[in-house]
Amino acid sequence: MGRAKQPISLVEAKGRKHLGKEEIARRKATEVRAKADNVNPPETLPQRLHDRFYHYAGQLVELGIMTNLDTEALARYLVAQDHYERVSEQMEGMQDIKNPDAFENYYKYSLLQERFFKQARALASDLGLTITGRAKLVVPAPKEKEKEQTPEEKLFGKALG
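Calculation criteria
- The numbering scheme is per chain: residues are counted from 1 as the chain's sequence reads.
- Where local features are concerned, this predicted model is filtered to residues with pLDDT of at least 70; where side-chain atom pairs are given and counted, the filter is 80 or more; whole-chain, interface and lining totals use all residues.
- Only hydrogens and water are removed before side-chain values are computed, so all heavy atoms of the structure are retained for them.
- Note on geometry: axes are C-alpha line fits, over the in-contact stretch for helices, and angles between N-to-C directions span 0 to 180 degrees.
- Strands here are runs of E lasting at least two residues and helices are runs of H or I lasting at least four, both read from the DSSP assignment and numbered beginning at the N terminus.
- Comment on the angle field: the value is read as roughly parallel under 35 degrees, roughly antiparallel over 145, roughly perpendicular from 65 to 115, and oblique elsewhere.
- The handedness criterion is simple: a crossing whose near helix is rotated anticlockwise from the far helix by less than a right angle is left-handed, and one whose near helix is rotated clockwise is right-handed.
- Note on contacts: a residue pair qualifies if any of its non-hydrogen atoms lie within 4.5 Å across the two residues.
- Ten residues, namely Ala, Val, Leu, Ile, Met, Phe, Trp, Tyr, Cys and Pro, are considered nonpolar, four, namely Asp, Glu, Lys and Arg, are considered charged, and the remaining ones, Gly among them, are considered polar.
- Summary of the burial criterion: residues with accessible area below 20% of their type's maximum are buried, those above 50% are exposed, and those between are partly exposed, where the area comes from a 1.4 Å probe applied to protein chains only.

This next bit is on the packing of helix α3 (residues 50–63) against helix α4 (residues 71–92). In the contact formed by α3 and α4, the axes pass within 10 Å of each other and the chain directions differ by 130°. When the axis of α3 is compared with that of α4, the two are oblique. Remark: the crossing between α3 and α4 carries right-handed chirality. Side by side, α3 and α4 meet where R52, F53, Y56 and A57 of the first sit next to T71, L74, A75, Y77, L78, Q81 and E85 of the second. Each residue belonging to the contact of α3 with α4 can be placed in one class, and the counts come to seven nonpolar, two polar and two charged.

Inspection of the secondary structure assignment puts A73 in helix α4. Given a relative accessible area of 19%, A73 falls into the buried group. With 31 residues separating them in the primary sequence, A73 and P42 have C-alpha atoms 9.9 Å apart. Other than its neighbours up to four places away in sequence, A73 contacts L123 and L127.

Now the structure itself:
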């Protein structure tokens, strides 16, 4: 199974492939680009999490890695993180886990906590909200403007060195 195709801007930013101008132009013309002009919380996201949504979404849009299509993924992350925090708070209140009944409850909560933690961690990594998640992301740098060539450079090109 081959690797997933990367956007041409990412390929250029990495500088590892030598593609011809025609190939680059063809790939740019056929790439799907989503807009980031309507990044709002989905209806399924609880109202109490909207402030967090706007906090993260603003930063991700500014980095150029979030679009309108990613709102559901961010909402899923926020819900998983919220559930993790709520279960953790419940566990903090459990004092007497030496009691077998209390321990059984604590164990059930710990399974939920682990499940929500794994969900939140996976989604955070996908969105670039973790250190390793950001390390995998390559945000293309804007191209520098080429300086104007002298008459000799125009005439002889790169042969001048």
